[in-house]
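An overview of the molecular structure
Letter by letter, the chains look like this.
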Amino acid sequence: MTNESPFPPFIRKIGIVSPAGLPSQEKLQEACRLLKSWNIESVLGKSVVLQGEEEYFAADREARAEDLNQMIDDHSIDLVLCSRGGYGSASILPLICWDKLRERNLPIAGYSDITAIHMAMLRMRAGIPVTSPMAAALPEWSMDEFTLASARGVFKRIFQGKKSGSETSSVSGQTFQLQAISRHIIPVEAPVIPGNLSLLASLCGTPWLPDLHGAILVVEDVGELPRILDRHFTQLSLCGILDQIQALVFADFTNCGSEKELNRIFQRFSRIHPNLPMWKGLPFGHKLPTCCFLDGAWGRISSTGIFTF
């Protein structure tokens, strides 16, 4: 195990919750030992490893929400780190104490199914949504130099933002070369909103999806058939989201069909939305290495596809 922590000195106590699926207890214990080696105290939610009423839930809806609310209410907690994704985060959104989260401005870290919570945080203007790997995979991703450096950059940005009063106003130093999908390519500078495609589509028409006007939208997914991905992109298109954003970045689509099939989908939607700059090639998703994000922070994409955020 590495002795290098991705977390800055201001994070001394991390609360771990399971708002979606049930994590491996063994992996979670390993993560807690690693945090301890970094002199970071970890606190597990009461139901973090309890089986829910369905095998794909960690505990029931009310218990999962209560764990998160208790962490939000605990002023000794510096960061909430979700244990894993899976399914279930969207169902607890009405039960989260949004006023308290807004008051505390607490970072909540995760990705995949946690996209539901992050989108709601942006909509409610509550807390600091951080897209990063989760607790159950901490021993693995903390050994990956690329992912580790990306996470450090994000958490450093939060720390600097807390001192300056704004976490999202400036562009940081992560830079990647993207490949153009669409013919209409112009430079773009805008807030970057990363997320899981399935979760974004599922939130359309609900009160939990933020206003995406003018954003750079970055999407990823895992284990979906190409026709299901097509369905999700169609949902975003029919809801007007692909007419609102300034750029669309296709990241990793792990086990979602062949590269040829994915490229056909990307090209099809670039023809449907010919004025929307579309790119691919960003390492973000369900495999390592992956980049991390401070959701809503500013980024820019040059006309040559250099993405800096």
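Scope of this entry: the structure provided in the associated data block. Bear in mind the structure is a predicted one, so any value in this text is a computation, not a measurement.

1. Describing the pairing of strand 4 (residues 107-110)
Here strand 4 shows no split at all, with Pro 107 and Ala 109 on one side and Ile 108 and Gly 110 on the other all buried. Assessed by its sense of winding, the connection that carries the chain from strand 3 (residues 79-82) through helix 3 (residues 98-104) to strand 4 is right-handed. Sheet analysis places strand 4 next to strand 5 (residues 128-131), joined by four bridges and oriented parallel. Across the sheet, residue Ile 108 finds its bridge partner in strand 5, namely Pro 129. Assessed by its sense of winding, the connection that carries the chain from strand 4 through helix 4 (residues 115-124) to strand 5 is right-handed.

2. A word on the side chain of Asp 221
Secondary-structure assignment places Asp 221 in strand 9 (residues 216-222). Despite its burial, Asp 221 pairs with no opposite charge; the closest candidate is Arg 231, at 11 Å N-O. Polar side-chain contacts of Asp 221 include one of 2.6 Å to the side chain of Ser 198. Those residues in contact with Asp 221, other than ones at most four positions away along the chain, are Asn 196, Leu 197, Ser 198, Leu 229, His 232, Asp 252, Phe 253, Thr 254, Cys 256 and His 286.

3. Observations concerning the packing of helix 8 (residues 226-238) against helix 10 (residues 259-272)
When two helices pack together, their arrangement is given by the angle between the helix axes and the distance between those axes. Axis separation between helix 8 and helix 10 bottoms out at 10 Å; the angle between their running directions is 20°. In terms of orientation, helix 8 lies roughly parallel with respect to helix 10. The chirality of how helix 8 crosses helix 10 is right-handed. Across the interface between the two elements, Pro 226, Leu 229, Asp 230, Phe 233, Thr 234 and Ser 237 of helix 8 pack against Glu 261, Leu 262, Ile 265, Arg 268, Phe 269 and Ile 272 of helix 10. Residues of the contact of helix 8 with helix 10, tallied by class, amount to seven nonpolar, two polar and three charged.

4. Overview of empty space enclosed by the protein
In the structure shown here, the tally under the stated rule is two cavities of 30 Å³ or more. Each pocket or cavity is described by its volume, and for the largest cavity that value is around 80 Å³. Taken together, the elements giving at least two residues each to the lining of the largest cavity come down to helix 6 (145-164), strand 8 (188-196) and strand 12 (293-294). Of the residues forming the lining of the largest cavity, the biggest block, three residues, is contributed by helix 6. Class assignment of the residues belonging to the lining of the largest cavity gives a composition of eight nonpolar, three polar and two charged.

5. Comments concerning the sheet that holds strand 11 (residues 278-280)
Taken in spatial order, the eight strands of this open sheet run 6-14-13-8-9-10-11-7, and their pairing is mixed. Every interior strand has two partners, whereas the edge strands, strand 6 (175-177) and strand 7 (179-180), have only one. Sheet topology note: the strand 8/strand 13 (residues 298-301) ladder contains four bridges and is antiparallel. In the strand pairing of strand 13, Glu 189 is matched with Arg 300. In this fold helix 10 packs onto strand 10 (247-254) and strand 11, with an angle of close to 165° to the strand it touches most, strand 11.

6. Some points on the packing of aromatic side chains
Under the counting rule described, the total for this entry stands at 16 aromatic pairs. Between Phe 57 and Tyr 87 the ring centres are 5.7 Å apart and the planes differ by 25°, which places this aromatic pair in the stacked class. With Phe 57 in the loop between strand 2 (41-44) and helix 2 (61-73) and Tyr 87 in the loop between strand 3 and helix 3, this pair connects stretches of sequence that are 30 residues apart. Judged by its relative accessible area of 49%, Tyr 87 falls in the partly exposed class. Here Phe 307 and Phe 309 contribute two aromatic rings whose centre-to-centre distance is 4.8 Å and whose plane-to-plane angle is 45°, an arrangement assigned as tilted. Taken individually, Phe 307 and Phe 309 each receive the classification buried, so the pair is uniform in this respect. Here the aromatic residues Phe 146, Phe 176, Phe 284, Phe 293, Phe 307 and Phe 309 are joined through ring pairs into a cluster of three or more.

7. Re the sheet that holds strand 2
Overall, mixed pairing links the six strands, which are arranged 2-1-3-4-5-12 in an open sheet. If you trace the sheet from one side to the other, it starts and ends with strand 2 and strand 12, each paired once. Across four bridges, the pairing between strand 1 (residues 13-17) and strand 3 is parallel. Counterpart to Val 17 in the pairing with strand 3 is Cys 82. Contacting strand 1, strand 2, strand 3 and strand 4, helix 2 crosses the sheet at an angle of about 165° to strand 1.

8. What about unusual backbone geometry?
Residue Pro 289 is reached from Leu 288 by a cis peptide bond, and omega for that bond is 0°. Inspection of the secondary structure assignment puts Pro 289 in the loop between strand 11 and strand 12. Look at Asn 39: it is not a glycine, yet its phi comes out positive at around 60°. Considering the arrangement of structural elements, one finds Asn 39 in the loop between helix 1 (25-37) and strand 2. At Ala 59, a position not held by glycine, the phi torsion is positive, near 65°. If you trace the backbone, Ala 59 turns up in the loop between strand 2 and helix 2. With relative accessibility at 5%, the residue Ala 59 sits in the buried group.

Cut-offs applied
Residues numbered from 1 in each chain as written. Predicted model: local features only at pLDDT ≥ 70, side-chain atom pairs only at ≥ 80, totals over all residues. Heavy atoms only, no water. Buried < 20%, exposed > 50% of the residue type's maximum accessible area, 1.4 Å probe, protein only. Helix = DSSP H or I, 4+ residues; strand = E, 2+ residues; numbered from the N terminus. Right-handed = clockwise from strand over helix to strand, strands pointing away. Pairing = 2+ DSSP bridges. Lys, Arg positive; Asp, Glu negative; His and termini not counted. Salt bridge = Lys/Arg side-chain N within 4 Å of Asp/Glu carboxyl O. Polar contact = N/O pair within 3.5 Å; in protein donor to acceptor, adjacent residues only side chain to side chain. Contact = heavy atoms within 4.5 Å. Axes fitted to C-alpha atoms, helices over the stretch in contact; angles between N-to-C directions. Parallel < 35°, antiparallel > 145°, perpendicular 65-115°, else oblique. Left-handed = near helix turned anticlockwise from the far one by under 90°. Nonpolar A, V, L, I, M, F, W, Y, C, P; charged D, E, K, R; others polar. 1 Å grid on protein atoms, 1.4 Å probe; cavity = no way out; pocket = protein on both sides within 12 Å on 5 of 7 lines; lining within 4 Å. Points joined across faces, edges and corners; volume = space filled by probe spheres on them. Phe/Tyr/Trp six-rings, centres within 6.5 Å; stacked < 30°, edge-to-face > 60°.

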